[in-house]
2 protein chains.
Amino acid sequence: MTEIPIQKRILSANDEVAAENRTAFTRYGILVVNVMASPGAGKTSVILATAERLPSGLRPGVIEGDLASSIDTERVLAAGIPAVQINTGGSCHLDAPMIRSALPSLPLDRLDLPFIENVGNLVCPAEFDLGASRAVVVASVPEGHDKPYKYPGMFAEADAVLLNKSDLVTYFDFDIDHFRRGVAMVNPNATLFVVSCRTGEGLDDWVKWLTEQPG
Amino acid sequence: MTEIPIQKRILSANDEVAAENRTAFTRYGILVVNVMASPGAGKTSVILATAERLPSGLRPGVIEGDLASSIDTERVLAAGIPAVQINTGGSCHLDAPMIRSALPSLPLDRLDLPFIENVGNLVCPAEFDLGASRAVVVASVPEGHDKPYKYPGMFAEADAVLLNKSDLVTYFDFDIDHFRRGVAMVNPNATLFVVSCRTGEGLDDWVKWLTEQPG
C-alpha cells in the first residue's frame with residue numbers, strides 16, 4: 001500500500017524537472033526529439049540517417065542514453081555531430097534530471113534539432129517525461145509485427161512511429177498492415193513511416209514530417 | 001534518500017516468494033528456465049524449437065509474460081504445449097508473486113521442463129529472482145553485436161546465452177567474436193550457443209546442454 005504515493009512523488013519530481021527542461025528548450029527555440037525503441041531497433045542509425053538528410057542550416061545534436069558504454073556517442077561524434085553520453089548505470093530509462101545534467105555539455109545555442117536517444121527498452125522510457133518536444137518510437141521488422149499489441153504503452157506515447165529495417169519485410173514475413181492496425185489501435189494520432197536506413201526507403205518523408213513540426 | 005530502503009523491502013519480499021517458488025519446483029523435480037530477451041529476439045521461437053527437440057519423455061510447459069495480449073500463449077498452445085498467460089499490465093518484468101499466482105494453472109505434476117518467457121526487456125527482468133533453476137538470455141543478430149557491452153547486467157545473470165537468427169550474420173555484418181568477447185567479459189561462466197530457429201543451426205547443442213543440467 002505504501003508504494004503508490006511514493007511512486008507519485010517520484011513522477012511528480014521528474015515532471016517538475018521535465019517542465020524546466022521544456023522551458024529551456026523553448027528559450028533556445030529548439031525541437032527536441034525523444035527517440036525510444038527496443039535494443040538494436042536502429043535508433044542511432046535513424047538519428048544519423050536523419051541528420052544526413054536535414055535541410056542545410058538545421059543543426060542536429062544528440063544526447064545518448066545507455067546503461068553502459070559510449071559506443072553510440074563515438075559513432076555520432078565520428079559523423080561530426082555534437083553528442084553527450086549519459087550512462088544510467090542500472091536504470092532502464094532516462095529521466096528529466098539526467099537530461100538537465102547533460103545540457104551544459106551541449107552547445108544548445110548552436111543547435112536546432114537535438115535528439116535524445118533513450119535506453120533501449122520498449123516499456124519504461126515511455127513513463128518518464130523528459131521535457132522533449134516530440135516522442136518517436138523506432139520499431140524494426142526483425143522484432144515482428146505484433147509489437148504494438150504487446151507493448152501498447154510505448155506506442156501510445158509516440159507522435160511518430162518509424163518501422164525500420166523495411167528491407168527485411170519479405171525475409172521475416174512481416175505483415176505491415178497488421179503492424180499498422182496495431183499502431184492505429186493504441187494511438188490513432190501517431191504518424192507511421194516505413195523506413196530502411198540501409199536502402200534509404202521512406203527517410204525523406206520522415207525528415208519532411210520532422211522538419212515541418214512546429215517548435 | 002527514502003527510495004533505497006523501500007526498494008530493498010520490495011526486492012526482499014520478491015525474494016521470499018522466489019524461494020517458495022524454488023521449493024515448489026524442487027518438490028516437483030522440475031527444471032524451470034527463465035528466458036529473457038529484448039522484444040522480438042525470438043523467445044517464443046526458441047522455446048518452441050527447443051520443445052520440438054526434447055528427448056521423448058521430457059514434457060515442456062510455458063508461463064508467458066507480456067504487458068498485454070495472449071499472442072504467444074496461443075502459439076504455444078497451438079503446438080500442444082501447456083501454457084498460461086500472465087499480463088503484467090504496465091510492469092516491465094515478471095516477479096516471483098506473478099509466477100506463484102500462475103502455477104495452479106499449470107499441470108506441474110505432469111511437466112519436466114517449464115519455461116518462463118519473461119517480458120521483452122533487456123534490463124529490468126534481470127533484477128527479479130523468480131525462483132527459476134536457470135536463466136537464459138536470447139540475443140539476436142539484428143540487434144547488433146554490441147548488446148553485451150550496452151546491457152551488461154542482463155548478460156551477467158545468464159547461465160546460457162543464445163544468439164538467435166544466426167542465418168542473418170552476413171546480412172548484418174555481425175561480428176560473432178566481438179559479441180562472444182562481450183559476453184565473456186561480463187560473464188565468464190555463461191555458455192554461448194549460436195542458433196537459428198529458421199535453419200535449426202546450433203539448436204541440438206543447446207538442447208543437449210539444457211537436458212544435461214542437474215535439477
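Engineer: I keep staring at the overall build of chain A and nothing clicks. Help me out?
Structural biologist: When helices and strands are counted, chain A shows 8 helices and 7 strands. Computed over its C-alpha atoms, the radius of gyration of chain A comes to 17 Å, within 12% of the 17 Å expected for a compact globule of 215 residues. If you line up chain A on its principal axes, its C-alpha atoms span 50 × 45 × 35 Å. A total of 215 residues make up chain A; the buried ones form 58% of that total. Pairs at least 24 apart in sequence give 73% of the contacts found in chain A among residues at least 6 apart. For chain A, the exposed surface amounts to about 8800 Å²; the carbon and sulfur share of it is 52%.

Engineer: What should I look at first to understand the pairing of strand β1 (residues 33-37) of chain A in this one?
Structural biologist: Taken residue by residue, a regular strand's side chains alternate between the two faces of the sheet. Residue and element names in this part refer to chain A. With respect to burial, β1 is a largely interior element, 5 of its 5 residues being buried. Side-chain alternation along β1 places V33, V35 and A37 on one buried face and N34 and M36 on a second face that is also buried. Here β1 pairs with strand β4 (residues 113-117) via 3 bridges, running parallel. Among the inter-strand pairings, V33 is bridged to a residue of β4, identified as F115. Where β1 lies against strand β5 (residues 134-140), 5 bridges are found, and the strand directions are parallel. Bridge pairing in β5 links V35 to V136.

Engineer: Could you clarify how one ought to interpret the interface of chain A and chain B in this entry?
Structural biologist: The accessible area lost on association of the parts is a frequent measure of interface size. The partner chain B presents 37 residues to the 37 residues of chain A that form the contact. Counting the surface lost from both chain A and chain B, the interface buries some 2900 Å², and carbon and sulfur atoms represent 60% of this. A per-residue breakdown of the area chain A buries against chain B is headed by A:P39, A:K150 and A:Y171, which together make up 21% of the total. Applying the counting criterion to the chain A and chain B interface returns 2 salt bridges. The salt bridge involving A:D72 is made with B:K150; its shortest N-O contact spans 2.8 Å. Seen at the junction of chain A and chain B, the total is 10 residue pairs in polar contact (both at pLDDT 80 or more). Of all elements in the fold, only α1 (3-28), α3 (71-78) and α5 (147-150) of chain A reach the threshold of two or more residues within the side of chain A that touches chain B. The biggest single contributor to the side of chain A that touches chain B is α1(A), with 4 residues. The residue makeup of the side of chain A that touches chain B, split by class, is 18 nonpolar, 7 polar and 12 charged.

How each quantity is defined
Residues numbered from 1 in each chain as written. Chains lettered and ligands numbered in written order. Predicted model: local features only at pLDDT ≥ 70, side-chain atom pairs only at ≥ 80, totals over all residues. Heavy atoms only, no water. Helix = DSSP H or I, 4+ residues; strand = E, 2+ residues; numbered from the N terminus. Rg over C-alpha atoms; globule rule 2.2 N^0.38 Å. Buried < 20%, exposed > 50% of the residue type's maximum accessible area, 1.4 Å probe, protein only. Contact = heavy atoms within 4.5 Å. Areas by Shrake-Rupley, 256 points an atom, 1.4 Å probe, with all protein chains shown as cover. Pairing = 2+ DSSP bridges. Buried area = accessible area lost by both parts, 1.4 Å probe. Salt bridge = Lys/Arg side-chain N within 4 Å of Asp/Glu carboxyl O. Polar contact = N/O pair within 3.5 Å; in protein donor to acceptor, adjacent residues only side chain to side chain. Nonpolar A, V, L, I, M, F, W, Y, C, P; charged D, E, K, R; others polar.

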